[in-house]
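Structural features, examined
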Amino acid sequence: MSWRSKRREDLVNVQTSKKISAGRKLLKLLSSVKLAISLLAVIAVVLIVATVIRNQTQARRYIYHSWWFISLLGLFCLNLALCTAGRWSFRVRKVGTTVTHAGVLVMVIGVVIGAVSGERGYMQLYIGHSGNTCYSDSEKISLPFTVHLRDFKVERYRNRGVHERLVIRVVDPDFIGAFPLEVGKRFRIADTSYFVTILRYEPDFVVLGEGTYGSRSDTPNNPAVQVQLENGSQNSEHWVFANFPGMHQDPDSNVQVFYQRIEKIKDFKSKVQLFEAGKVVASKTIEVNRPLRYKGYTIYQSSYDPEHELFSVFDVARDPGVRFVYLGFLIISAGVMFTFYLRPLLVKRGGAPDSTKQNQE
Amino acid sequence: MSATRVFFNVAEVAYLAAVLVFAVYYASHKKGFRAVAISFLIAGGLSQAFFVGWRWVEGERPPFANSFETLVFFSLAIAVTCIIVELLYSPKAVGAGASLLALLAMAYANLFDWAIDPLMPALQNSLWLTLHVVFCFVSYAAFAVSYVVASVFLLKQKGVLRKVSAFLTSLSILGLVGGLVYGLGRKHGIIPKVGGRTTIWLIAAGFVVAGLLSAALVAVLNARGVRSEGKRSVLSILVSKTIAFGFPFLTIGIITGSVWANVAWGRYWGWDPKETWSLITWVVYAFFLHVRFSGGWLGVKAKSLPTFRALLSMIGFLFVLFTYFGVNYLLSGLHAYGD
């Protein structure tokens, strides 16, 4: 070998070792706890900023679903994977950490599968109607079956958790506000010269004779209150009804009083049938917390027609990754419980090493 | 007065008594007082457990669905954690602080409506509601006790640490008590609504008063010759132990919430502000648990690690408080129904 070729060989060797050392350095950085800690701190700060944004749709667009935030989370996962791969151990002292970190990775795999191959959209159906198309922000999804809404009902708590108040609207000066419904209470309407007194309450209002009123029963079938309106020397009394907000209201009056009675919603019940090739393949009453699952799709009660209660809205989702997410959840739970509850007992028994000892890298 | 209210009031009085008797114990160093204080805590906890159980039966649903109910459970969880910590480790000055937090949580609960409201459809899932809330609040209670331990630990240090800790402790007590007084005043219509510039003046005044209080506290601690028991003291270990106890609970609390969201709405994560803040809190405590692996790279030397951890524990609890209350009032989202 001539001295020239020897020199060339040396040069090549130096370059390769430089490459190796650069690659190793990168690998070392990517698998370091330092990077993990820095990334945790950065992610926390980004998340704080994201929640401060008032418009959460914008926060989703510019942060949570943006390429750079997803890349940041991706980098964290890569770091976690390398960290775990480089330090995995099934010794009692380390197995908990290995399992927890592996659980996070399994969960992330599930999230990625869901994001790549999952589908999600909403479907609005009127009672008696059918459909097999869902809509998401960007696309139309055709389902392999037809959903038929047989019936839809909104159930309300009748006498528990009812929210009642007096809503008063003044034209001049412009004001609208709500006041508690307390019989005998006299209050001033904001900065106006008007005073309102609630004189009487009847749960099931009925006219007994001329000028005499009462209740048919104690059940709030037709709740009404009698209010007195004072403005200087002017004085008027009238009845306002929860079920008939427009009754006895003078549209030209400067002040209008409404008796608002909101019964809390107990449940939404959508009776649905699924059809495939003209045959009923599934039927269920879908409620919140009780979705219908069929062929990988899950149909959730999501919204409704608040005015006439004639239609129901469903969220339809297909997420093949969710089983991995759940598996990840199980592994993480087992891992943290082992690390923080079982390991201290086992390690103590085997001759306690110092748990607070600094682990130098 | 209904029977349930009696249980609630008995618990309140018992926690107040525990705070006072613990204080007498610290001043007199007579062990009998410690036993009495712990007995008050146990009595209060039992009474409160009866209250929670009674409400469960009366409402025919788990009593974990609104601010009142979660505060009551939070207080109970703090009391139980405090009893366990006292019996296992008997740390100095932690009992009074933790009992005070349990008492304050009860007092704050009083600001909210007692009525057993029927549940909205999404919350009508007893299994997930119970699991999610219980896991989250047991973790919050552990972090609350860790916060108290950390502040006591830092108060026992010398120099700047003592001063900073005294200031933070005074500020948090003043903030919690001030908020309570304001809330009660507003509820009974005695105090007018404060807003705008007055709020800024009040906060500024709060800082000044906290400064004066902390100066007094430092003077008392110096005069009494209070000293650190070393970096490997019970307090230093307890800061970490309480967090190590709470962390799995928080992890499983978030996981159960996520599974529940998937059952009710078909998505296990939606970046709702409450969800995101629970994740931020989790990240803060995960950071706490990983700090010892940083190998001095964060500028924290091995010998100052306990102090750094104590500071992190105090900061971590502020994140818990924000996730619990701040999000409800300052940010909007799905969990708004918790009020």
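What you see is a predicted model; the values in this text were computed from it and never measured.

Thresholds, definitions, all that
- Residues numbered from 1 in each chain as written.
- Chains lettered and ligands numbered in written order.
- Predicted model: local features only at pLDDT ≥ 70, side-chain atom pairs only at ≥ 80, totals over all residues.
- Heavy atoms only, no water.
- Pairing = 2+ DSSP bridges.
- Helix = DSSP H or I, 4+ residues; strand = E, 2+ residues; numbered from the N terminus.
- Axes fitted to C-alpha atoms, helices over the stretch in contact; angles between N-to-C directions.
- 1 Å grid on protein atoms, 1.4 Å probe; cavity = no way out; pocket = protein on both sides within 12 Å on 5 of 7 lines; lining within 4 Å.
- Points joined across faces, edges and corners; volume = space filled by probe spheres on them.
- Nonpolar A, V, L, I, M, F, W, Y, C, P; charged D, E, K, R; others polar.
- Domains from an automatic or database assignment.
- Contact = heavy atoms within 4.5 Å.
- Buried area = accessible area lost by both parts, 1.4 Å probe.
- Salt bridge = Lys/Arg side-chain N within 4 Å of Asp/Glu carboxyl O.
- Polar contact = N/O pair within 3.5 Å; in protein donor to acceptor, adjacent residues only side chain to side chain.

Turning our attention to the sheet that holds strand β7 (residues 194-202) of chain A. All names here are of chain A. Taken in spatial order, the four strands line up as β6-β7-β10-β11 in an open sheet, and their pairing is antiparallel. Either end of the sheet is taken by a strand with one partner, and the two such strands are β6 (186-188) and β11 (234-241). Neighbour-to-neighbour, the strand axes of the sheet open up by a mean angle of 25°, direction not taken into account. Looking at chain direction, β6 and β7 are connected through three bridges and run antiparallel. Looking at β7, one finds that Arg186 is bridged to Thr197.

Turning to the layout of surface pockets, a few remarks are in order. Residues and elements named next belong to chain B. Taken as a whole, the second largest pocket encloses approximately 1,900 Å³ of empty space. Contributing to the lining of the second largest pocket are 41 residues, with Tyr108, Gly175, Leu176, Gly178 and Gly179 lying nearest its centre. Top element by residues in the lining of the second largest pocket is helix α6 (residues 159-187). It accounts for twelve residues. Here the lining of the second largest pocket is built from residues that sort into 30 nonpolar, eight polar and three charged.

With that out of the way, let us pick up the domain arrangement of chain A. Assigned domains within chain A: domain 1 (31-118 + 322-360), domain 2 (124-147 + 269-318) and domain 3 (158-263). One C-alpha centre belongs to domain 1 of chain A, the other to domain 3 of chain A, and the line joining them spans 57 Å.

This part takes up the pairing of strand β14 (residues 279-286) of chain A. When a strand is regular, its side chains alternate between the sheet's two faces. Where strand β13 (residues 265-276) of chain A and β14(A) come together, seven bridges link them in antiparallel fashion. Bridge pairing links A:Ser270 to A:Ile286 in β14(A).

Chain A puts 56 residues into the contact, and the matching count from chain B is 59 residues. Of the roughly 4,800 Å² buried at the junction of chain A and chain B (both faces included), carbon and sulfur atoms supply 61%. There are zero salt bridges connecting chain A and chain B. Taken together, the connections running from chain A to chain B amount to 15 residue pairs in polar contact (both at pLDDT 80 or more). Residue assignment for the side of chain A that touches chain B shows that the elements contributing at least two residues are α2 (33-52), α3 (56-64), α5 (92-117), β13, β16 (297-304), β17 (311-318) and α6 (322-349) of chain A. Of the residues forming the side of chain A that touches chain B, the biggest block, twelve residues, is contributed by α6(A).

Our next topic: the domain arrangement of chain B. Residues and elements named next belong to chain B. Here chain B is partitioned into domain 1 (1-118), domain 2 (158-227) and domain 3 (230-339). Computed over C-alpha atoms, the centres of domain 1 and domain 3 are 23 Å apart. Contact residues are listed per partner, giving twelve residues for domain 1 and twelve residues for domain 3. Summed over both partners, the interface of domain 1 with domain 3 comes to about 960 Å²; 72% of that surface belongs to carbon and sulfur atoms. Together, Ser67, Phe74 and Tyr89 form the three largest contributors to the area buried by domain 1 at its contact with domain 3, with a combined 40%. Where domain 1 touches domain 3, the interface holds zero salt bridges. At the junction of domain 1 with domain 3, the criterion picks out two residue pairs in polar contact (both at pLDDT 80 or more). Broken down by element, the residue count for the side of domain 1 that touches domain 3 peaks at six residues, all from helix α3 (residues 67-89). Split by residue class, the side of domain 1 that touches domain 3 holds eight nonpolar, three polar and one charged.

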